Amino acid sequence: MVVLAALTAFGGLVAVLAGAYGLRQTRRISAAGAVAQALVKAAPPGAERPTLQFETVDGRVVEVVSPVPSTRRRPLASGDRVRLAYDTEDPRETVLLGGERTGLDRAFVGAGLALVVLGAVLVVVAL
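Since this is a predicted model, take the numbers as computed values, not measurements.

Caption draft 1: Geometry of the overall build of the chain. Counting its secondary structure elements, the chain contains two helices and five strands. When the helices and strands of the chain are listed from N to C terminus, the series reads α-β-β-β-β-β-α. Here the C-alpha radius of gyration of the chain, 19 Å, is well above what a compact globule of 127 residues would show, namely 14 Å. C-alpha atoms of the chain, sized along the principal axes, occupy 60 × 30 × 20 Å. Out of the 127 residues in the chain, the part that is buried amounts to 34%. Long-range pairs, those at least 24 residues apart, make up 60% of the contacts in the chain between residues at least 6 apart in sequence. As displayed, the chain offers around 7,900 Å² of accessible surface, 62% of which is attributable to carbon and sulfur atoms. A distance of 7 Å separates the average location of the 14 positive side-chain charges in the chain from that of its 11 negative side-chain charges.

Set out below in C-alpha coordinates:
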(Lines give C-alpha, C1' and ligand atoms only; values in the text may rest on other atoms or scores of the structure.)
Protein backbone atom coordinates (compact mmCIF):
# COMPACT_ATOMS: atom_id res chain seq x y z
CA MET A 1 0.00 0.00 0.00
CA VAL A 2 2.86 2.40 0.80
CA VAL A 3 4.42 1.70 -2.61
CA LEU A 4 1.12 2.57 -4.33
CA ALA A 5 0.88 5.76 -2.27
CA ALA A 6 4.46 6.74 -3.13
CA LEU A 7 3.89 6.11 -6.85
CA THR A 8 0.68 8.15 -6.74
CA ALA A 9 2.44 11.05 -5.04
CA PHE A 10 5.40 10.82 -7.43
CA GLY A 11 3.11 10.84 -10.47
CA GLY A 12 1.32 13.85 -9.03
CA LEU A 13 4.62 15.63 -8.48
CA VAL A 14 5.61 15.01 -12.11
CA ALA A 15 2.27 16.47 -13.27
CA VAL A 16 2.70 19.53 -11.03
CA LEU A 17 6.20 20.13 -12.40
CA ALA A 18 5.07 19.71 -16.03
CA GLY A 19 2.19 22.15 -15.59
CA ALA A 20 4.31 24.67 -13.69
CA TYR A 21 6.99 24.52 -16.39
CA GLY A 22 4.43 25.17 -19.12
CA LEU A 23 2.96 28.12 -17.23
CA ARG A 24 6.42 29.55 -16.56
CA GLN A 25 7.45 29.26 -20.22
CA THR A 26 4.26 30.96 -21.41
CA ARG A 27 4.68 33.77 -18.88
CA ARG A 28 8.40 34.20 -19.63
CA ILE A 29 8.01 34.32 -23.41
CA SER A 30 4.98 36.61 -23.22
CA ALA A 31 6.78 39.04 -20.92
CA ALA A 32 10.37 39.02 -22.18
CA GLY A 33 10.15 37.62 -25.69
CA ALA A 34 10.34 39.61 -28.88
CA VAL A 35 7.04 40.36 -30.62
CA ALA A 36 6.52 39.73 -34.33
CA GLN A 37 3.76 39.59 -36.91
CA ALA A 38 3.40 36.08 -38.29
CA LEU A 39 1.80 34.91 -41.51
CA VAL A 40 -0.53 31.94 -41.07
CA LYS A 41 0.13 29.22 -43.63
CA ALA A 42 -2.07 26.22 -44.30
CA ALA A 43 -1.70 23.21 -42.05
CA PRO A 44 0.31 20.37 -43.56
CA PRO A 45 -1.75 17.36 -44.66
CA GLY A 46 -2.85 15.35 -41.64
CA ALA A 47 -2.06 18.12 -39.15
CA GLU A 48 -4.60 20.21 -37.25
CA ARG A 49 -2.33 23.17 -36.50
CA PRO A 50 -1.25 25.64 -39.17
CA THR A 51 2.29 26.84 -39.74
CA LEU A 52 3.32 30.34 -38.67
CA GLN A 53 6.04 32.19 -40.58
CA PHE A 54 7.72 35.26 -39.10
CA GLU A 55 10.94 37.25 -39.23
CA THR A 56 13.11 37.57 -36.14
CA VAL A 57 14.74 40.82 -35.04
CA ASP A 58 18.03 39.64 -36.56
CA GLY A 59 16.40 39.02 -39.96
CA ARG A 60 15.98 35.24 -39.94
CA VAL A 61 12.76 33.84 -41.37
CA VAL A 62 11.36 31.14 -39.10
CA GLU A 63 8.49 28.71 -39.66
CA VAL A 64 6.95 26.97 -36.66
CA VAL A 65 3.83 24.95 -36.05
CA SER A 66 1.26 27.08 -34.25
CA PRO A 67 1.38 26.55 -30.47
CA VAL A 68 -2.44 26.44 -30.46
CA PRO A 69 -4.91 24.93 -32.93
CA SER A 70 -7.41 27.00 -34.87
CA THR A 71 -10.67 27.43 -32.97
CA ARG A 72 -14.07 28.88 -33.70
CA ARG A 73 -13.25 31.79 -31.38
CA ARG A 74 -9.83 32.35 -32.94
CA PRO A 75 -9.69 30.93 -36.46
CA LEU A 76 -6.23 30.74 -37.98
CA ALA A 77 -7.02 30.91 -41.68
CA SER A 78 -4.29 30.73 -44.28
CA GLY A 79 -3.11 34.23 -45.17
CA ASP A 80 -4.10 35.82 -41.85
CA ARG A 81 -1.61 37.78 -39.79
CA VAL A 82 -1.26 37.16 -36.05
CA ARG A 83 0.94 38.61 -33.32
CA LEU A 84 3.22 36.27 -31.47
CA ALA A 85 6.01 36.47 -28.95
CA TYR A 86 9.06 34.31 -29.36
CA ASP A 87 12.14 33.46 -27.35
CA THR A 88 15.04 35.38 -28.91
CA GLU A 89 17.48 32.58 -28.02
CA ASP A 90 15.25 29.87 -29.54
CA PRO A 91 12.67 31.33 -31.96
CA ARG A 92 10.92 27.96 -32.18
CA GLU A 93 9.51 28.66 -28.69
CA THR A 94 6.48 30.85 -29.38
CA VAL A 95 3.32 32.12 -27.71
CA LEU A 96 0.38 33.34 -29.77
CA LEU A 97 -0.52 36.66 -28.12
CA GLY A 98 -4.16 36.75 -27.13
CA GLY A 99 -4.38 33.00 -27.71
CA GLU A 100 -2.44 31.71 -24.73
CA ARG A 101 -3.98 28.47 -23.61
CA THR A 102 -2.90 27.97 -20.05
CA GLY A 103 -5.91 25.85 -19.09
CA LEU A 104 -4.17 22.55 -19.78
CA ASP A 105 -1.11 23.57 -17.76
CA ARG A 106 -3.33 24.68 -14.87
CA ALA A 107 -5.22 21.38 -15.08
CA PHE A 108 -1.92 19.49 -14.82
CA VAL A 109 -0.99 21.49 -11.71
CA GLY A 110 -4.41 20.94 -10.13
CA ALA A 111 -4.57 17.23 -10.91
CA GLY A 112 -0.98 16.78 -9.79
CA LEU A 113 -1.66 18.48 -6.47
CA ALA A 114 -4.70 16.27 -5.98
CA LEU A 115 -2.57 13.17 -6.61
CA VAL A 116 0.12 14.36 -4.20
CA VAL A 117 -2.52 14.88 -1.49
CA LEU A 118 -4.07 11.49 -2.26
CA GLY A 119 -0.65 9.85 -2.03
CA ALA A 120 -0.01 11.53 1.34
CA VAL A 121 -3.41 10.38 2.65
CA LEU A 122 -2.70 6.82 1.49
CA VAL A 123 0.65 6.85 3.28
CA VAL A 124 -0.98 8.03 6.51
CA VAL A 125 -3.71 5.39 6.24
CA ALA A 126 -1.19 2.64 5.44
CA LEU A 127 0.97 3.43 8.45
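Caption draft 2: Main features of the sheet that holds strand β4 (residues 81-86). Taken in spatial order, the five strands of this open sheet run β3-β2-β1-β4-β5, and their pairing is antiparallel. With one partner strand each, in any of the chains shown, β3 (61-65) and β5 (94-96) form the two edges of the open sheet. Recorded for the sheet is a direction-independent mean angle of 40° between the axes of neighbouring strands. The pairing of strand β1 (residues 34-41) with strand β2 (residues 51-55) spans three bridges and is classified as antiparallel. The partner of Val40 across the bridge, within β2, is Leu52. Where helix α1 (residues 2-32) meets the sheet, its contacts fall on β1, β4 and β5, and the angle it forms with β5 comes to roughly 80°.

Caption draft 3: Geometry of the packing of α1 against helix α2 (residues 103-126). Remark: α1 packs on α2, axes separated minimally by 7 Å, with the N-to-C direction vectors making an angle of 160°. The angle between the axes of α1 and α2 places the two elements in the roughly antiparallel class. Both α1 and α2 take part in a crossing whose hand is left-handed. Its residues placed into classes, the contact of α1 with α2 shows 17 nonpolar, seven polar and two charged.

Caption draft 4: Focus on a nonpolar patch on the surface. A cluster of nonpolar side chains, contributed by Met1, Leu4, Val117, Val121 and Val125, occupies part of the molecular surface with about 500 Å² of accessible area. Among the elements that take part in the nonpolar patch, α2 stands out by supplying three residues, more than any other. The topology assignment puts Val125 in helix α2.

Definitions and cut-offs
- Residues numbered from 1 in each chain as written.
- Predicted model: local features only at pLDDT ≥ 70, side-chain atom pairs only at ≥ 80, totals over all residues.
- Heavy atoms only, no water.
- Helix = DSSP H or I, 4+ residues; strand = E, 2+ residues; numbered from the N terminus.
- Rg over C-alpha atoms; globule rule 2.2 N^0.38 Å.
- Buried < 20%, exposed > 50% of the residue type's maximum accessible area, 1.4 Å probe, protein only.
- Contact = heavy atoms within 4.5 Å.
- Areas by Shrake-Rupley, 256 points an atom, 1.4 Å probe, with all protein chains shown as cover.
- Lys, Arg positive; Asp, Glu negative; His and termini not counted.
- Charge placed at Lys NZ, Arg CZ, Asp CG, Glu CD.
- Pairing = 2+ DSSP bridges.
- Axes fitted to C-alpha atoms, helices over the stretch in contact; angles between N-to-C directions.
- Parallel < 35°, antiparallel > 145°, perpendicular 65-115°, else oblique.
- Left-handed = near helix turned anticlockwise from the far one by under 90°.
- Nonpolar A, V, L, I, M, F, W, Y, C, P; charged D, E, K, R; others polar.
- Patch = residues over 30% accessible without salt bridge, like charges linked within 9 Å, V, L, I, M, F, W, Y side chains within 5 Å.
- Salt bridge = Lys/Arg side-chain N within 4 Å of Asp/Glu carboxyl O.

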